[in-house]
Structures are given as C-alpha cells and as structure tokens.
Amino acid sequence: MSARGLAVLLSWLSCCGSALWRYSTNSPNYHIFSTRSTIKLEYEGTSFSEWSVPGTCSVKNKSSPKTELRCFSPGFQTIRPIVTGPDSEEERNLSVDSSHICFLWYYKVINLFHNLTQVIVLWIYDPENADTNELLWNANEPSLYSLILSRQLATLGQKPIIYTTLKRKVYFPHDKMKNGTWRISVPMTSEDVLKEIKGNQVAFQDCFIADFLFLQTFPLLTIPEIPGFLPISSPAGSQLMATWIACVPSYIVVVADMETFQTNDSFRTWIRIRVPPNILTEDERHSISDVNVSRDGIFFLINGVLYIKSFTEFKRLGISENLPNSGIIGITSRKWCWINYLLKAKRRSSMAIWTENEVYLGYTFLKFVKIITTKKLKNLLNISPAATLTIHNVEYPGHPLELALLLNYCTTCRVNKTIYVVIYNEDTEQWVYQDFALDVSIDSFLTPHFIYAAMPELILRDKHRIYYCYHNFTETGVIQTPTEFGNLSRLSNNSIVHDIFMDYYGNVVVKMENNIMFYFKINIRDAIKLHLWTNSTMKSLILLNSSGQIFLIYVFENGTLYPREYPLKLESLSVNFNINEKCPYVAFHNNIFSIFYFLDKGQNLSIWTQIVYPENMGLYIVVESYGPNILQEKDQTHYEIALGYCTKTMTVTFFQNINYEAVDDYFKLQHQNTGLVLVQVRPNEYARACPIAQKVFQIAVGCDSNKFITVKGFNKKDCLQHDFFYVIEKSYLRNQTSKNLRVKYNWKKYGCPLRLDFGEKFHPLLQLYDNNGYVEDVEVNFIVWEIHGRNDYSFNNTMKKSGCLNEAQTWKSMTELNKHLTLEEAWGPENYKHCFSYAIGKPGDLNQPYEIINKSNYNHLVWPEDHSGMYVFRVKILDPNYSFCNLTTVFAIETFGMIPRIIIFSAMEAFLDCITRLNPSYIQAATWLLLSSLS
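What you see is a predicted model, and the numbers here were worked out from it, not measured in a lab.

Chemist: What am I meant to see in the overall build of the protein chain here?
Modeler: Helix and strand counts for the protein chain stand at 12 helices and 63 strands. C-alpha atoms of the protein chain, sized along the principal axes, occupy 110 × 75 × 75 Å. Taking all 935 residues of the protein chain together, the buried fraction comes to 52%. Considering only intrachain contacts with a sequence separation of at least 6, the fraction spanning at least 24 residues in the protein chain is 62%. As presented, the protein chain carries roughly 43300 Å² of accessible surface, and 51% of it is formed by carbon and sulfur atoms. Side chains of the protein chain give 86 positive and 88 negative charges; the mean places of these two sets differ by 3 Å.

Following this line, the structure appears as structure tokens:
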C-alpha cells in the first residue's frame, strides 16, 4: 500500500471506537523482533500523554502517540501509554530477542508458461535499512543498500538454495549472480508447494540471514473485473466472511456488506468480484449468506440458491447440475491441506452442499452427487420415524477423506434439541455415529471447526461460548475463562462470537464482532483474553498468509481493504507473562520429517519421539492412530534422568505381518489390508506456552502410483528412432495362425532394443524406482512373456536344476488352467504357487524349462539358433508379498547372427533390409539405393 493509503488506514482506525495501542517492525510477520529492531509504537485515541518504557529501552519522542522504540537488553520489556483521565491503558510485556539474525531473504517470482517453470529471483535485505518498496513487498529489484549487502555476502560464500518441505527436493541457483540477485528455476506445481529459502551459515558483522518459509504454487489467476458489472455483497450490517483454497491459503475471497474481494497473494493485490446486470435483483445482489471457492470458480449462496462466478460466466446452479433449485442452507469446503492421500475410490469431493434433509458432494467440473437424506440417516441410526431429524451443519474434518454432519434431533421440538455427530468416509462410503450429544435450546446454531489432528477433534461455537471435543469425543466441555464461566460475551462488552481462526501449530483465536479476541491452544480447556488490537467499529477478519502466518484484513466503508500483520506469538507471550504460565516440558523432539508415508508389502516405518521435562512431573508420550485396523505397532521406551531433568525417548514401528501367497482371494485380502491411517504424536500434558501441540502424519498402506520398474541397461533415448516394421513367421507364434504377423515397432512404448548374438543368453535385472529416483534392485520372482505372441525362446534352467520338488507353474499350464483370461491375466501374484514343497503342486516332468526368473537364480532367456528376430517382452513381478502395485515393464531384444527369415519382394529389398538391421545408421543410404533401383 502507498503512503497515502497507509494514512487513510490510520485515519479510519483512529476515527472512532475505544482507545488502544499497537506496535510494528519493518520485519515481515515480526520475524525479527530483537535488540536490533526499531519498534514503531502507535496510540489510537485522544487522551494520550506519554509513553512509559523501562530503563533498558529508549523512545524517540516520548510525548508523541506515534514514535519509535529501541530496547538494548533482551527479555520482557513492559511498555504502557500514560493517558489523561481516570482510566489507564493496558500494558504489554514485549519479548525482545537477542538473536544474531539481522537479514532476510527477499524474493519475487517470474512465471514462464512456455516451459511451466518459475524463476525465483532472490536477494538479501536488511529490514532496518530497506527502501519502501522492499518493505511493502513490491520491489522488482534490490535497493542500492540491498545490492551491496547481497554482493558482500556472496563474496563471503553465501549462496541460497530452495528446499521443498513436502517432497524434499533441492533447487540450486544459476551459475552467476545477476544485478546483485540469485535466480533459481523451479517447476510449476500444485503439489510440492511449501518451499523454504535456505542459505549458508555466513555472517557479516556478526549478523546472519534467517531461513524463509513460503508457499509457491501453480499460478492461480483472479477473475477479472469487467466494467459495467455490479457489486455483490452480504446484507447490510453483516460481518465479514471469507473462503480460501485449503492448499493455497493466499487465494482468498472476502465478502463484505458492500463488495466482494478476491486475491491470489494474501491481499498484497486484490480485485473486486462483480456480476453482470439483469441476472440478480437488487435485493439478491446484497443477500450472500455463504461463499466458497474452488478451481471451478466462486460459489455464492443467495436466498437458498447456489450460483457460480467463473472466468466465463455467472450462472445459477440447479436441477441440471443435480442440485436442488432452492432450499440450500449451507456450503463448505476443506479447511486443512492434504496434498497426498491414498484413495481407493475414484475421486474425492472438493465441497459439500446441504439442505435441511439432503447432503450433496461437489467435484471438479461442476459434478454433484447426493449422498444421503435424513430419511436414510434415521434408518442407519435406528431413530424413530416419528422423531424429527434435520441437518444442522456440515464440515470437513482434519481427515482428508471424511465429512462430518451435525444433526438436529428432537421429538416435540418446542424448547430443546440434541446435536448429534455422524462422520462419512468417502473411500469406504460408511457412516459412523460418534459418541457425542449436546443439548441446546431449539433456536441455537452451532458452527463446527475441526482441529488439525489425526482423530476427529473439534471445537464448536455459538454466539457466546466455545465447546471443545478432544481425543475422539472422549473429552468434552466448555472452554473456560478466569471469570464468567466461559461466557465470552460477558467479557467483551456483550458482543457475540464472530469467527474462530485455527492454524497448523495448534493456535486457536476466537474473534468477537467488536474485535476483542481470546486465545487458547488445542487440547487446552481455558482461554485468555488478548490485548485489544483493533477498535470496535472496524470490520476485520483473521486469515493465513503465504508464509503460514496470520494477518488481519480490514474492510472500510468506502469499499477498500487493507491487510495488516498480527503478532500472535508476541501477544500471547505478553498475556502469559502476567499469569506466569509455563510449559510443563522443556523440549519435545521427533524425527517425523514428512506428513505422508507410503508402506508397501514387507515394509515398516519407525519413528522416534523424545520429551524432556523436570523430574517428578510424570509426563509421557501419547501415540494415537485413527483409521482402519490394518497396521501393527511395536514400541520401546528409553528413560534416563540427569541434573533434575527426565528424558523419555519412545521408538514406534508400524508394520504389517500378512502372507499373501496361495490365499483364496488375493485381491480381496489386499483390499482389506490397504487404506489410510492417520497418526498423531503428542505429550500427555500441554499449555498455551508450549510451541507446537502435536505432530500429525499419514501412513498410506497400499500401492504408491509413483513406483515403477525398469530393466537395467534399457532406455528410450540412445538409439535412432525410425519407422520400422518386421514380420514374425506364423510357426513362431504361441497361438498357431494361418498368416505371418506383421508388427510395427513402437519406439515410444518399447524403447531401444538391445542387440544380442543369438548364442548370447540374457538375464534381466529389474530395478525399482519412485519419483525420487532409484530405490533398489528387485530380488524377487518375476515372469516374462513376448507381447506379440512369440514362443520361439526358452530358458536355460530346468525345474530340477532350480530345486523344484513338484512341477512348477509355466505359461502353458497357467493358460490352460485359465482359458477364460487373457495371457497377461492368466498368471500373476494372485495365483502363484512355488514348487519347493511336496505339499504344493503335483509331480511331473522336472526337466521342463523353469520359466520364473529372479536376481539370484541365474535363469536366462535363450534364443533359437536357426534364425534371428525381434522380441518385445513384458515383465511382471510374480512374488505376492512384494508390492500392492501391479509392477510391469517392457523391454525389447533383437537377436542377430544370420539373415533373418522375413518376407521379401526382391533381392534388392532383402539386401537393404539386411544392411539396416546390421546398423540402423545406414537407413538413409539404403533408402537412396532403394529409390535408385526402382527408378
């Protein structure tokens, strides 16, 4: 915002309402708040006299309501404005650090759509000496001071990298600095979105650079504002409402009572959303009751009807989209981001829509499906048909595949009703009734806010109180306050609850309509009142920015808005200082570096977590899992005590112990033992003064779609690709046909063929890869077959030589046994039986070729010696205990040693075919000779 815009903001903030005071620094998100920082103080009101500061701090102008403060000693510094009159202003205890972090990374992004990359331009800046554009985060190049600073640190060895938190990839800068900046190219992605700028540990004048966490996703465009279109808003006097994309929290839509605003950068820039005339009436345009945003567009709920505003149109949704034409009472979308998850079903919803008696799920491309009615819910919950059951509210929990319904239940429905909770799993399509019931007055309305947790944990709000449901509904109650028994309205001048903000770190902020705020953390049962930050007449809302930090958005009566950072950590520390609350433990560590883990067959996952606490506190570590019962756990705890502190270290291993070989129904057993398990690790006791509440992660048991196998030594690049046909003589085919088979070689699918002398045996070595690269050599059994039906090859090992006690499975025996199946389906891990036991199989001729290969059995493919040819093989993993994935790949072998038996039409064509087979590079010359002979 410009200096003029900032002045307008300050005039709006100070125009009316109660007196208050705030502080700020030049460091974004208050990242640096130390003895080196210039702290800007501002008093809002008319009774200011002077600032009261401790002797360890100095103030630039003690008598000015807007001044600068510097503190020379670290620790808590008590700051208070002295005012005239009988009342006194509240004091703050500012926690000033003594960190050697002085500098920050500045970045800007250049989108290159032609190659789907983003160039991130980086330089170093000092917030205390940056220019205005850098402080407002709209600089296109470094200032002179930042240019000199970046070059100086570069000569000392500074060189940044970008590290992605989710996929753990590292991107390095281009070779040389350009105009005092580093440039790093990263791919555009909607998955690996959480990035961190990290530098070397290089100091300049005893100052280091702070690492910088930020969100960078595939560019999402805002809907352009079209001249002549009309404003759309909530009813006059309404509080602000907002919606955002869960995995892109900087992409936000805010609805006020005069305009609707949209941003893709946390309101650094923004536009107004307007609609074409003659579609809505004047009253309808100012009647938004709910809003939601997805990649399809912005959804508005107006008088029970759902509308969508996209880049191309604004239209009403209804019967043609499988939605009701009216009567819709709510819409919602996911609030927590899970980029990765295991879904056995075909798709996952992006939003939910409901009436009093029906629930619909919405998918991309405006697809909607009705999943339940209250009539069906009565049957599922065994509720009497005479009772009244309606849908109270709907919300997505922390689980990536679940949806929660709050239900109204009553019989006479005159005075009270009971709120029940049921949870629907989109993958299993099962409804589960939760052990929760809350009796409220008939006109009460509760809004659920699910916590970022593995278990279904939530807090509920009505107009005056906050209810908690912790640890899978085993602990419930009302969030308490020091006075008034948890009635927040009585502690905030009879205002009512406006909204609740929660983040991934367990912080919970309750905002009242008059901007008084209360604070607690998850698993905590009491709240504290925060210092006043915004006057009571300003319309505001708490949101999350692209750095994962909270900020306030202010909307003014003239139809403009302004974002302002909010120092939640500093404010909570200040309040906690007065009540002397301490965290019960000193440290809580773990090695859980990812939020998503895949477990395949035979694999296990081991984690460790450690808690350090003063002795005699009796703390311990809690590991909880939620989901299907498909994993076993084994834990071990190590305990030691020294110098008055206890250290407990717990190691937990998750694994499966199931044998999938020779079972009655292989695919059914696989399906029963795959799924998604959520795990959380936490201390048994907690306090608001503790940093992070708990660690939450997923364990997906099943097939990782990023896994694949290859045959070592084969690729698709190191050969000259050209149109190539060859003919397989009919006598070489598995299924005897009346004609020879003409095949076009598909270079894209088959890759480069390996050329072997027909006397040279071949042993395929399989290698397993995932999206991070090479994993391991595959040591288990696999089978091969020629995809075009050739069977003029064999194996050098016999069943007897391989150690078989009974006749082994072969392609011939398996295709005869499964005549109703294709060749590819006839034999696989689902019906594999080994031959190394007298109890399995039957006696037979053990001198037959053994057609199963693995890394160590030295079984090779052998070729006929009377002709050469082209073979395209498909490989399949045969071991039923190796992977949930159907791992296959293709490789091609071309044998040579004598002129192949092919169909020819002339001596010249035969000669040219022989030449091109011996060396493909002769193709051009051979083509010229052929054309010459024809002419």
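So much for the structure itself; the text now carries on.
Chemist: How should I be thinking about the environment of His399 in this particular structure?
Modeler: Position of His399 relative to the elements: it lies in the loop between β30 (388-395) and β31 (402-410). For His399, a relative accessible area of 5% translates into the label buried. Between the alpha carbons of His399 and Asn425 there is a distance of 9.1 Å; along the sequence they are 26 residues apart. Beyond its immediate stretch of four places on either side in the chain, His399 contacts Arg334, Asn425, Tyr626, Leu676 and Leu678. A distance of 3.0 Å separates a polar atom in the side chain of His399 from the backbone nitrogen of Leu401.

Chemist: What am I meant to see in a nonpolar patch on the surface here?
Modeler: On the surface, Phe113, Leu116 and Phe218 cluster together into a nonpolar patch covering about 280 Å² of accessible area. Inspection of the secondary structure assignment puts Leu116 in the loop between β8 (101-112) and β9 (117-125).

Chemist: How should the sheet that holds β9 be read in this particular structure?
Modeler: A sheet is described by the order of its strands in space; here four strands give the open sequence β12-β9-β8-β14, paired in mixed fashion. On the outer flanks of this sheet lie β12 (182-187) and β14 (208-209), each paired with one strand and no other. Where β8 and β14 come together, two bridges link them in parallel fashion. Within the sheet, the bridge partner assigned to Ile101 lies in β14 and is Phe208. Where helix α3 (residues 144-155) meets the sheet, it contacts β8, β9, β12 and β14, and its direction lies at approximately 95 degrees from that of β9.

Chemist: Explanation requested: the packing of aromatic side chains in the structure shown.
Modeler: For any pair of aromatic rings, geometry is given as the distance between the ring centres together with the angle between the planes. Evaluated as defined, the whole model comprises 54 aromatic pairs. Ring centres of Tyr585 and Phe588 lie 6.0 Å apart, and the angle between their planes is 55 degrees; this geometry places the pair in the tilted category. Both residues of the pair, Tyr585 and Phe588, belong to the buried class. Taking the centre distance of 5.8 Å and the plane angle of 80 degrees together, the rings of Tyr660 and Phe884 count as edge-to-face. Placement of the pair is Tyr660 in the loop between β50 (645-655) and α7 (666-672) and Phe884 in the loop between β62 (870-877) and β63 (888-896), with a sequence separation of 224 residues. Accessibility assignment for this pair places Tyr660 and Phe884 in one class, buried. Above the face of the Tyr660 ring, Lys601 is positioned so that its terminal group lies 4.3 Å from the ring centre. The ring centre of Phe725 lies 4.1 Å from the NZ or CZ of Arg742, which sits over that ring.

Chemist: How do you make sense of the pattern of salt bridges when you look at a structure like this?
Modeler: Pairing is possible between side chains of opposite charge, provided their charged atoms come close. This structure, assessed with the given rule, holds 24 salt bridges. Of the charged contacts, one joins Arg688 and Asp526 as a salt bridge, the two residues approaching to 2.8 Å between their closest N and O atoms. Here Arg688 is found in the loop between β51 (675-683) and β52 (695-701), whereas its partner Asp526 is found in the loop between β40 (517-521) and β41 (528-529), with 162 residues between them in sequence. Using a relative accessible area of 5% as the deciding quantity, one classes Arg688 as buried. Bridged by salt links that share partners, the residues Arg22, Glu42, Glu44 and Arg564 form one connected network.

Chemist: Help me understand the environment of Thr84, please; the structure alone is not making it clear to me.
Modeler: Mapped onto the secondary structure, Thr84 falls in the loop between β6 (75-83) and β7 (92-96). Judged by relative accessible area, which is 52%, Thr84 ranks as exposed. A sequence separation of 38 residues divides Thr84 from Thr46, and the C-alpha atoms of the two residues are 9.1 Å apart.

Chemist: Looking at this structure, how should I read the nonpolar core?
Modeler: Nonpolar side chains in soluble globular proteins generally cluster together in the buried interior. Counting 64 residues, the largest nonpolar core has Ile459, Val510, Phe520, Phe697 and Ile699 as its most contacted members. Ignoring anything within four residues of it in the chain, the contact list for Phe697 reads Ile592, Ser594, Ile595, Tyr597, Leu605, Ile607, Phe654, Val677, Leu678, Val679 and Val681. Formed by 40 residues, the second largest nonpolar core is a distinct cluster that contains Phe782, Trp811, Tyr850 and Val875.

Chemist: So what exactly am I meant to see when it comes to the state of the cysteines here?
Modeler: In protein chemistry, a disulfide is the covalent bond that joins the sulfur atoms of two cysteines. Applying the stated rule across the entire model yields eight disulfides. The disulfide partner of Cys102 is Cys207, and the gap between their sulfur atoms is 2.1 Å. With the S-S dihedral at roughly -60 degrees, the linkage between Cys102 and Cys207 falls on the left-handed side. In this pair, Cys102 is assigned in strand β8 and Cys207 in the loop between β13 (194-198) and β14, connecting sequence segments 105 residues apart. For the pair Cys102 and Cys207, a shared accessibility class is recorded, and that class is buried. Two residues, Cys703 and Cys885, share a disulfide whose sulfurs are 2.1 Å apart. Since a negative S-S torsion denotes a left-handed disulfide, the Cys703-Cys885 link at about 110 degrees is right-handed. Separated by 182 residues along the polypeptide, Cys703 in the loop between β52 and β53 (708-711) and Cys885 in the loop between β62 and β63 bring together distant segments of the chain.

Chemist: How should the side chain of Glu395 be read in this particular structure?
Modeler: Within the fold, Glu395 resides in strand β30. The exposure class assigned to Glu395 is buried, which follows from its relative accessible area of 10%. Within polar-contact distance, the side chain of Glu395 engages the side chain of Thr332 at 2.9 Å. If we skip the residues at most four places from it in the chain, Glu395 touches Thr332, Ser333, Lys335, Leu403, Ala404, Pro448 and Phe450.

Chemist: What should I look at first to understand helix α6 (residues 568-579) in this one?
Modeler: Two residues of an α-helix separated by three or four positions point the same way, owing to the 3.6 residues in each turn. For α6, with 12 residues, the first-to-last C-alpha span of 17 Å sits near the 16 Å given by 1.5 Å per residue. Those residues of α6 that fall on the buried side of the exposure criterion are Leu568, Leu570, Glu571, Ser572, Ser574, Val575 and Asn576. Each element contacted by the buried residues of α6 is listed here: β1 (20-24), β7, β39 (507-512), β40, β41 and β43 (550-555). Positioned one or two residues after α6, Asn580 has a phi angle of 55 degrees, which is positive.

Chemist: Help me out: how do you make sense of helix α5 (residues 374-381) in this one?
Modeler: Of the positions making up α5, those classed as buried are Thr374, Leu377 and Lys378. The buried residues of α5 occupy an angular sector of 105 degrees when projected down its axis, which confines them to one face. Residues of α5 that are exposed and angled more than 90 degrees away from the buried face: Lys375, Lys376, Asn379 and Leu380. Against β29 (367-373), β30, β31, β32 (416-425) and β33 (430-441) lie the buried residues of α5. Within two residues after α5, Asn382 carries a phi angle of roughly 55 degrees, on the positive side.

Chemist: I tried to follow the confidence of the model for the protein chain on my own but got confused; where do I start?
Modeler: A low pLDDT score tells you not to read the predicted coordinates there in detail. Per-residue pLDDT for the protein chain has a mean of 91; in total, 94% of the residues score no lower than 70. Of the regions scoring below 50 in pLDDT, residues 1-17 engages in 30 contacts with residues more than four places distant in sequence or in other chains. This stretch, residues 900-907, has a pLDDT under 50; its non-local contacts, to residues over four places away or in other chains, come to 10 contacts.

Chemist: Explanation requested: empty space enclosed by the protein in the structure shown.
Modeler: Once rolled over the atoms, a probe with the size of a water molecule shows which space is left empty. Enumeration over the complete set of coordinates arrives at six cavities of 30 Å³ or more. The class makeup of the residues in the lining of the second largest cavity is nine nonpolar, two polar and one charged.

So, how was this worked out
Within each chain, residues carry numbers counting from 1 in the order of the written sequence. pLDDT decides what is reported in this predicted model: residues at 70 or higher carry local features, side-chain atom pairs at 80 or more are listed and counted, and totals for whole chains, interfaces and linings draw on all residues regardless. The side-chain numbers reported here are obtained from all heavy atoms of the structure, hydrogens and water having been left aside. In this description a helix means any DSSP run of H or I spanning at least four residues, a strand means any run of E spanning at least two, and both kinds are numbered starting from the N terminus. Classification of residues uses two cut-offs on accessible area relative to the type maximum, computed with a 1.4 Å probe and protein chains only: under 20% is buried, over 50% is exposed, and between them is partly exposed. Here a residue-residue contact requires only that any non-hydrogen atoms of the pair lie within 4.5 Å. The Shrake-Rupley method, run with a 1.4 Å probe, gives the accessible areas here. Residue values count only the displayed protein chains as cover. When charges are counted, Lys and Arg are positive and Asp and Glu negative, with His and the chain ends excluded. Taken as the charge location is NZ of Lys, CZ of Arg, CG of Asp or CD of Glu. A 3.5 Å cut-off defines polar contacts: any pair of N or O atoms within that distance qualifies, except that in protein one atom must be a possible hydrogen donor and the other a possible acceptor, and neighbouring residues in sequence count only when both atoms are side-chain atoms. The patch calculation keeps residues exceeding 30% relative accessible area without a salt bridge and links them within 9 Å when they carry like charges or within 5 Å when they are nonpolar (Val, Leu, Ile, Met, Phe, Trp, Tyr). Here, a salt bridge means any Lys or Arg side-chain nitrogen found within 4 Å of an Asp or Glu carboxyl oxygen. Two strands make a pair as long as DSSP finds a minimum of two bridges between them. Fitted lines through C-alpha atoms give the axes, limited to the stretch in contact for helices. The angle between two N-to-C directions lies from 0 to 180 degrees. Only centres within 6.5 Å qualify two rings of Phe, Tyr or Trp (six-membered ring in Trp) as a pair; their planes then separate them into stacked at under 30 degrees, edge-to-face at over 60, and tilted for everything else. Charge over a ring is defined by NZ of Lys or CZ of Arg lying within 6 Å of the ring centre and within 35 degrees of the ring normal. Throughout this description, the term nonpolar core refers to a set of buried Ala, Val, Leu, Ile, Met, Phe, Trp, Tyr and Cys residues connected via side-chain atoms within 4.5 Å. Pairs of cysteine sulfur atoms within 2.5 Å are identified as disulfides in what follows. Multiplying 1.5 Å by the helix residue count minus one yields the expected span of that helix. What the arc covers is the set of directions going from the helix axis to the C-beta atoms. Residue-level confidence of the predictor is summarised by pLDDT, bounded by 0 at the bottom and 100 at the top. A cavity here means a set of points on a 1 Å grid, drawn over the protein atoms and nothing else, where a 1.4 Å probe fits but cannot get out; a pocket is an open set with protein on both sides within 12 Å along at least five of seven lines, and a residue lines either one if it has an atom within 4 Å of a point. Grid points are joined across faces, edges and corners, and a volume is the space filled by probe spheres set on the points. The classification used treats Ala, Val, Leu, Ile, Met, Phe, Trp, Tyr, Cys and Pro as nonpolar, Asp, Glu, Lys and Arg as charged, and all other residues, Gly among them, as polar.

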